[in-house]
Amino acid sequence: MIIRPEALKVLAKHRTNEAVIPAMMAAWEWPAYSTRPELDFPIRILMGHNAGVGLGVALAHPERKVWVLNGDGSQLMYLGYITDIANARVKNLILFVFQNGQYEITGGQPIPLEEELDLATAARGLGIKNSYCFDDLAEFEARIPDILRQDGPTFVNLKVVRGGSVKTPKPNVQETIRSFMAALQSGE
Amino acid sequence: MARADLVREELERCGIEYLVWLPDSETRSFYDTIMKSPTIKLVQVCHEEEAVGVHAGLWLGGKRSAVLIQNSGLLHSLDALRAFTMDMRIPTLLLVGYRGYHGMLEGKKPVDTAAVVLEPVLDALGIKHYLFDTDEEVENIGKAYREALAEEKATAVLIGREYD
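Residues numbered from 1 in each chain as written. Chains lettered and ligands numbered in written order. Predicted model: local features only at pLDDT ≥ 70, side-chain atom pairs only at ≥ 80, totals over all residues.

Points about the environment of Tyr132 of chain A
Residues and elements named next belong to chain A.
And step 1. Mapped onto the secondary structure, Tyr132 falls in strand β6 (residues 130-134).
And step 2. Under the C-beta neighbour-count criterion, Tyr132 is labelled partly exposed, with 19 such atoms within 10 Å.
And step 3. Sequence separation between Tyr132 and Leu119 is 13 residues, and the spatial gap between their C-alpha atoms is 9.3 Å.
And step 4. Beyond its immediate sequence surroundings of up to four residues, Tyr132 is in contact with Ala120, Ile147, Val156 and Asn157. (Helix = DSSP H or I, 4+ residues; strand = E, 2+ residues; numbered from the N terminus. Buried ≥ 20, exposed ≤ 12 C-beta atoms within 10 Å, placed from the backbone. Contact = placed C-beta atoms within 7 Å.)

Some thoughts on the pairing of strand β1 (residues 19-22) of chain A
A regular strand places its side chains so that they alternate between the two faces of the sheet.
Residues and elements named next belong to chain A.
And step 1. Neither face of β1 is open: one carries Ala19 and Ile21, the other Val20 and Pro22, and all of them are buried.
And step 2. Sheet analysis places β1 next to strand β2 (residues 66-71), joined by 4 bridges and oriented parallel. Bridge pairing in β2 places Pro22 opposite Leu69. (Pairing = 2+ DSSP bridges.)

Considerations on the sheet that holds strand β5 (residues 128-132) of chain B
Within a beta sheet, neighbouring strands are joined by backbone hydrogen bonds and run either parallel or antiparallel to one another.
Residues and elements named next belong to chain B.
And step 1. Sheet architecture is open: 6 strands sit in the order β2-β1-β3-β4-β6-β5, paired in parallel fashion. Edge positions in the sheet fall to β2 (41-44) and β5, since each of these pairs with one other strand and no more. Across the sheet, the mean angle from the axis of one strand to that of its neighbour is 25°, orientation sign disregarded.
And step 2. In the sheet, strand β4 (residues 92-97) pairs with strand β6 (residues 154-159) via 6 bridges, with the strands oriented parallel. In the strand pairing of β6, Val96 is matched with Leu158. (Axes fitted to C-alpha atoms, helices over the stretch in contact; angles between N-to-C directions.)

Description of the environment of Ile159 of chain B
And step 1. Within the secondary structure, Ile159 of chain B is located in strand β6.
And step 2. A residue is classified by how many C-beta atoms lie within 10 Å of it, and Ile159 of chain B, with 27 of them, is buried.

Some points on the confidence of the model for chain B
And step 1. Per-residue confidence for chain B gives a mean pLDDT of 93; residues scoring 70 or more make up 96%.
And step 2. Quick note on the complex model: pTM equals 0.96, ipTM equals 0.96. (pLDDT = per-residue confidence, 0-100.)

Structural notes on the interface of chain B and chain A
And step 1. Residue-level contacts link 22 residues of chain B with 26 residues of chain A.
And step 2. Considering every element that reaches the side of chain B that touches chain A, the biggest residue donor is helix α3 (residues 48-60) of chain B, with 8 residues.

Some words on the packing of helix α1 (residues 3-14) of chain B against helix α8 (residues 139-151) of chain B
Residue and element names in this part refer to chain B.
And step 1. Where α1 contacts α8, the two axes come as close as 9 Å, and the packing angle between them is 30°. One way to sum up the angle between α1 and α8 is to call them roughly parallel. Crossing of α1 against α8: the hand is right-handed. Only Ile141, Gly142 and Tyr145 of α8 make contact with α1, whose side of the interface consists of Val7, Glu10, Leu11, Arg13 and Cys14.
And step 2. Broken down by class, the residue content of the contact of α1 with α8 amounts to 5 nonpolar, 1 polar and 2 charged. (Parallel < 35°, antiparallel > 145°, perpendicular 65-115°, else oblique. Left-handed = near helix turned anticlockwise from the far one by under 90°. Nonpolar A, V, L, I, M, F, W, Y, C, P; charged D, E, K, R; others polar.)

What follows is the structure in structure tokens.
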């Protein structure tokens, strides 16, 4: 099993100018490791929709890669987004789903099926053929450069341990929107 | 001119580049018409609430988009509308198929309650709504869109009868 902040550090190391849209626990943690906060759009005020926001941004900016960082309970609410992404054939989107088997943000209640849930297979069936699952950090670190280089859409399921989260201050939503839109338009 | 073409032209005048939608009975012939548009791209979703999320992403990416769903789908979308349009203030034009509207006007027993609850629900969320029933009312689409942009909120145009 992977410690989520360790996986985020790996992604941060490989990030160049990707737009990153984290939700749930990843939205609290990613800002601690992000080197391009102006290109981040963390969503803390509703569950499940960062995959849709990622699809919209990916369609609007086909020249820029988009990473969506989601949680398992959050993704389970809107599995249809996986098909929407596949149907739109966006080559520039990678959907990462951290699976800890619980609703960590609401106190650790189990999600349906918990660790039994096979999201990588589900994603393949829902249309994203480039679908991977990792439960070992070293293997993830070894394979991720190739995965990041390939054409998407791509789905990456990361099996993570419960807890161990890192909290960052809550951002101002309007300031985040302004800086994110400006950074996307800048093309940098 | 067919109603579907009137709507396509009005959306083109608004500069709409993407229409995020899920098909419904009021808009079934609209698909073929919008596919002919040189400037508007369709993005199909599996669930109406997803249309709001994708629209939000397009807006953040600097694109002009609108959402096309049915009234029962609007009811599905409430939490996304709350967060994206009320909390984040993302301008959102909702084109909503008003299934059951004419039956309701004629006092017929409704097939279901989708038409009955639509306007009260929009009112409760503070979403201003306009009707598009007669051809002349197609201008309400542009009016609602400009209002959504100016006031950074959601507005809705309720489509009273099918396109042809």
